[in-house]
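Here are the chains, one letter per residue:
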Amino acid sequence: MEVPLETSDHVVPEVKYEYLDHTADVQLHAWGETLQEAFEQCGMAMFGYMTELPKVEIQKCYQIVTDPTDDLENLLYRFLDELLFLFSAEPFLICKKLEITRFDLEQFTIECNCYGEEFDLAKHPQGTEVKAITYSAMQIYQKPEHEKNEVFVIIDI
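Residues numbered from 1 in each chain as written. Predicted model: local features only at pLDDT ≥ 70, side-chain atom pairs only at ≥ 80, totals over all residues. Heavy atoms only, no water.

- As annotated in an unreviewed UniProt entry, the protein chain carries the name AGAP001976-PA and is attributed to Anopheles gambiae.
- Under Sequence similarities (unreviewed entry), UniProt gives the following word-for-word description of the protein chain: "Belongs to the archease family." (UniProt positions renumbered as here; feature names shortened; annotations may be inferred.)

Here it is, written out as structure tokens:
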């Protein structure tokens, strides 16, 4: 669902992710002061693998909502899968910023505002295609507030 943009939506957070080598795939490693921030950063890592994020402008905002699930791993999988669908189907959104507005660890659901623009090969260099999210070697380290929360996810490329 597309939502209106505000001027404050254009502030892009610091990069807190890296790519780790993995046989035939790539492992995303993201972190943050909160688990919510680590999830946002993991989503940004996936988009960063698909194109050069500095070339992406914030022109549109779409909201995604994950279906309730029963654990953190499934929640992270569904979150990344929703983001991948947003890119792979109409509106073909490549995101520059993700802002989770609801991070419910009782119902295990997420609402997230996704800021970016329609992917355009004339403007955005094509990185590596992400085919799917996997559960393989998925790790989530939830720590007390203000400590480094981390997630590791292997994406199928």
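### Some words on the side chain of Thr-69
Point 1. With respect to the helices and strands, Thr-69 occurs in the loop between strand E4 (60-65) and helix H2 (72-88).
Point 2. A polar atom in the side chain of Thr-69 sits 2.9 Å from the side chain of Asn-74. (Helix = DSSP H or I, 4+ residues; strand = E, 2+ residues; numbered from the N terminus. Polar contact = N/O pair within 3.5 Å; in protein donor to acceptor, adjacent residues only side chain to side chain.)

### Some details on the packing of helix H1 (residues 35-50) against H2
Point 1. Running from amino to carboxyl end, H1 crosses H2 at an angle of 35°, the nearest separation of the two axes being 11 Å. For H1 against H2, the interelement crossing comes out right-handed. In contact with Leu-35, Phe-39, Glu-40, Cys-42, Gly-43, Met-46, Phe-47 and Met-50 of H1, H2 contributes Leu-72, Leu-75, Leu-76, Phe-79, Leu-80, Leu-83, Leu-84 and Phe-87.
Point 2. A class-by-class count of the residues in the contact of H1 with H2 yields 14 nonpolar, 1 polar and 1 charged. (Axes fitted to C-alpha atoms, helices over the stretch in contact; angles between N-to-C directions. Left-handed = near helix turned anticlockwise from the far one by under 90°. Contact = heavy atoms within 4.5 Å. Nonpolar A, V, L, I, M, F, W, Y, C, P; charged D, E, K, R; others polar.)

### A look at the side chain of Thr-66
Point 1. Along the chain, Thr-66 falls in the loop between E4 and H2.
Point 2. The buried category is assigned to Thr-66, whose relative accessible area is 3%.
Point 3. Not counting residues within four places of it along the chain, the set of residues in contact with Thr-66 comprises Leu-75, Arg-78, Phe-79, Glu-82, Phe-108, Thr-109 and Ile-110. (Buried < 20%, exposed > 50% of the residue type's maximum accessible area, 1.4 Å probe, protein only.)

### Remarks on the environment of Leu-28
Point 1. With respect to the helices and strands, the residue Leu-28 is situated in strand E3 (residues 25-32).
Point 2. Since its relative accessible area comes to 0%, Leu-28 is described here as buried.
Point 3. C-alpha separation for the pair Leu-28 and Ile-155, spaced 127 residues apart in sequence, amounts to 7.4 Å.
Point 4. Aside from chain neighbours lying at most four places away, what touches Leu-28 is Glu-18, Tyr-19, Cys-42, Ala-45, Met-46, Val-151, Phe-152, Val-153 and Ile-155.

### A short note on the packing of aromatic side chains
Point 1. Here the structure, examined in full by the defined rule, presents 7 aromatic pairs.
Point 2. Between the aromatic rings of Phe-39 and Phe-103, the centroid separation amounts to 5.2 Å while the plane-to-plane angle is 80°, which identifies the pairing as edge-to-face. Residue Phe-39 is found in helix H1, and its partner Phe-103 is found in strand E5 (residues 93-104); the two are separated by 64 residues along the sequence. Accessibility classification places Phe-39 together with Phe-103 in one group, the buried group. (Phe/Tyr/Trp six-rings, centres within 6.5 Å; stacked < 30°, edge-to-face > 60°.)

### Examining unusual backbone geometry
Point 1. Cis peptide bonds are those with omega within 30 degrees of zero, and the linkage from Glu-90 to Pro-91 qualifies with 20°.
Point 2. For Pro-91, the location among the structural elements is in the loop between H2 and E5.
Point 3. A positive phi angle, close to 55°, is found at Phe-92, a residue other than glycine.
Point 4. Here Phe-92 is to be found in the loop between H2 and E5.

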